[in-house]
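# Summary of structural features
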Amino acid sequence: MESLPIAVVYGLYLGVLTGIIPALISGVLGFLFKYVTGVTLPGFGVVALAVALAGINGGLLALADPTILDSTNAPTITTGLLIVMMMSLYAHAKGDQLGASVPRRLSLRALGERTLSADLIEVVGGRNEVRIRVTGDVDDIEGYPPLPDQLRAAIRDSEWRLPADLQVSQLETRLAERLRSEFELGDVSVSISEGGEARVAAAPPFSGLSRRLDGRRRAVSVNALVPSGLARGDRVVAVTADGRVRAEVASARSTRPGTVPTDGDSTDTAASTEAIPAHAPTTGGGDGQVTLAVARSDVGTLLGVEGATLIVESRGVRREYEVLSLLRRAGRRFRRLTVRADSDLDGVTLGEADVRDRHGVAILAVRTGEGWQFAPKGTSRIAAGNELFAVGSRDALDGFEEVIA
């Protein structure tokens, strides 16, 4: 029988020799289990697996040296098992830690995604962007009316800048949303090639009524004495012999002409027989017809009635108008500006530009290629072509406009 120190040293050697494979397997299993499921593999299971694998390795070593498993070598075997368990638990802990820290961005779908050519990437304002061009004819979508020629040409001549780090499928979704919003399309389908060329199929805008009603409401037209000043979106109560129905005005016609608000202080006369168009003029009053958006349960109350009495509900104080009024009283104005190339804001952040101290204005919103960003932070980077909403005195806004626009 060997001395105890020699048996322990021999056990250390045997544990390291037989524990390498169990530790490696424990580390890999710990990583995969954490990465895939987000749950840590139990330590007891790791120890059991490691001891089983070490036993197989020890059995193979015993074929070459039968004295390894001799009952007189208990200190050696015990020390070796402890080393195997310690190595396996350590490797499992490191694999679990790695599985928790690695971003979960790999998937079979992501590996199969197409990306655009690197030659299309441009650096604009410190960000990588790609320019997407609509090429070829803009096709019609089956089941919808054909696009007007003017709208078809506007879509065909359009170009768009989108983030370069998006996959092609994400670019197609983003461009479809932009086209639908910009041109108010009823439906749109986009296919983008790896060269940045987009093929588009689109449906023309729906009528103003159908686009404004969700699936929970129905449109019902009734004859009524139309109040003057009625506009789309007003809340009314329609009183009939069968009851009262609360509804929202979708469109209206009256016998007297109404007025259409313009950007200035004057008003234009609207034709008396025209429904309220998209820019929401008001009716002139008198006998007419109103189309109301009502809940499904209230449709029966309005169908078939000869006439209804309309009571317009108060809409309360609009807070945005109140804010504008307070700013005007304080001598402040709003202005929408577009940043020109090589101006003080081109390619710098709002914090670096320090527009509040230098120009006496505040930036309330910024419109980039990704859309509007309200209350932008100082780290927001501005580029040529971005739109800004600035507030300040008239003189400050005039000076600021000369510098950046």
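Residues numbered from 1 in each chain as written. Predicted model: local features only at pLDDT ≥ 70, side-chain atom pairs only at ≥ 80, totals over all residues. Heavy atoms only, no water.

### Regarding the sheet that holds strand E16 (residues 371-374)
Strands belonging to one sheet form pairs held by backbone hydrogen bonds; the direction of such a pair is parallel or antiparallel. As a reminder of what qualifies: Two strands are counted as paired when DSSP detects at least two bridges linking them. Secondary structure elements are taken from DSSP: a helix is a run of H or I of four residues or more, a strand is a run of E of two residues or more, and numbering for both begins at the N terminus. Lines fitted to C-alpha atoms define the axes here, with helix axes fitted over just the stretch in contact, and angles between the N-to-C directions of these axes take values from 0 to 180 degrees.
Read from one edge of the open sheet, four strands run E14-E17-E15-E16, paired in antiparallel fashion. Bordering the open sheet on either side are strand E14 (333-338) and E16, each of which pairs with just one other strand. Taking the axes of each pair of neighbouring strands and ignoring which way they run, one obtains an average angle of 20 degrees across the sheet. Sheet topology note: the E14/strand E17 (residues 387-392) ladder contains six bridges and is antiparallel. Each residue of the ladder has a partner; that of Thr338, found in E17, is Glu387.

### As for the confidence of the model for the chain
Counted only if it meets this: What pLDDT expresses is the predictor's confidence in each residue, scored from 0 to 100. Working rule for contacts: check all heavy atoms of both residues, and any pair within 4.5 Å makes them a contact.
Mean pLDDT over the chain stands at 75; residues scoring 70 or higher make up 76%. Put simply, strand E11 (residues 267-269) is where the chain has its lowest mean pLDDT, 35, and strand E3 (residues 139-140) is where it has its highest, 89. In this model, residues 106-112 is a region of pLDDT below 50 whose contacts with residues beyond four sequence positions or in other chains number two contacts. Predicted confidence for residues 259-280 stays below pLDDT 50, and this span has 35 contacts to residues more than four positions away or in other chains.

### Remarks on the packing of aromatic side chains
Put simply, the rule reads: Centres within 6.5 Å make a pair out of two Phe, Tyr or Trp rings, where for Trp the six-membered ring is used; the pair is then stacked when the planes are under 30 degrees apart, edge-to-face when over 60, and tilted otherwise.
Scanning the model with the defined rule gives two aromatic pairs in all. Ring centres of Trp372 and Phe374 lie 6.4 Å apart, and the angle between their planes is 25 degrees; on these two criteria the pair is classed as stacked. The structure contains a cluster of three or more aromatic residues connected by ring pairs, namely Trp372, Phe374 and Phe389.

### Quick look at the packing of helix H1 (residues 4-37) against helix H3 (residues 74-101)
Filter applied, for reference: Roughly parallel here means an angle under 35 degrees, roughly antiparallel means over 145, roughly perpendicular means 65 to 115, and every remaining angle is called oblique. By the definition used in this description, the sense in which the near helix is turned from the far one sets the handedness, with an anticlockwise turn below a right angle giving left-handed and a clockwise turn giving right-handed. Under the scheme applied here, ten amino acids are nonpolar (Ala, Val, Leu, Ile, Met, Phe, Trp, Tyr, Cys and Pro), four are charged (Asp, Glu, Lys and Arg), and all others, including Gly, are polar.
Remark: H1 packs on H3, axes separated minimally by 5 Å, with the N-to-C direction vectors making an angle of 25 degrees. Between H1 and H3, the angle is such that the two are roughly parallel. The chirality of how H1 crosses H3 is right-handed. Split by residue class, the contact of H1 with H3 holds 19 nonpolar, 14 polar and two charged.

### Some words on the environment of Asp342
Under the convention used in this document: Buried, partly exposed and exposed residues are distinguished by accessible area as a fraction of the type maximum, computed with a 1.4 Å probe on protein chains only: under 20%, between the cut-offs, and over 50%, respectively.
By secondary structure assignment, the location of Asp342 is in the loop between E14 and helix H10 (350-353). Residue Asp342 is classed as exposed on the basis of its relative accessible area of 73%. Considered as a pair, Asp342 and Ala384 are 42 residues apart in the sequence and their alpha carbons are 7.6 Å apart.

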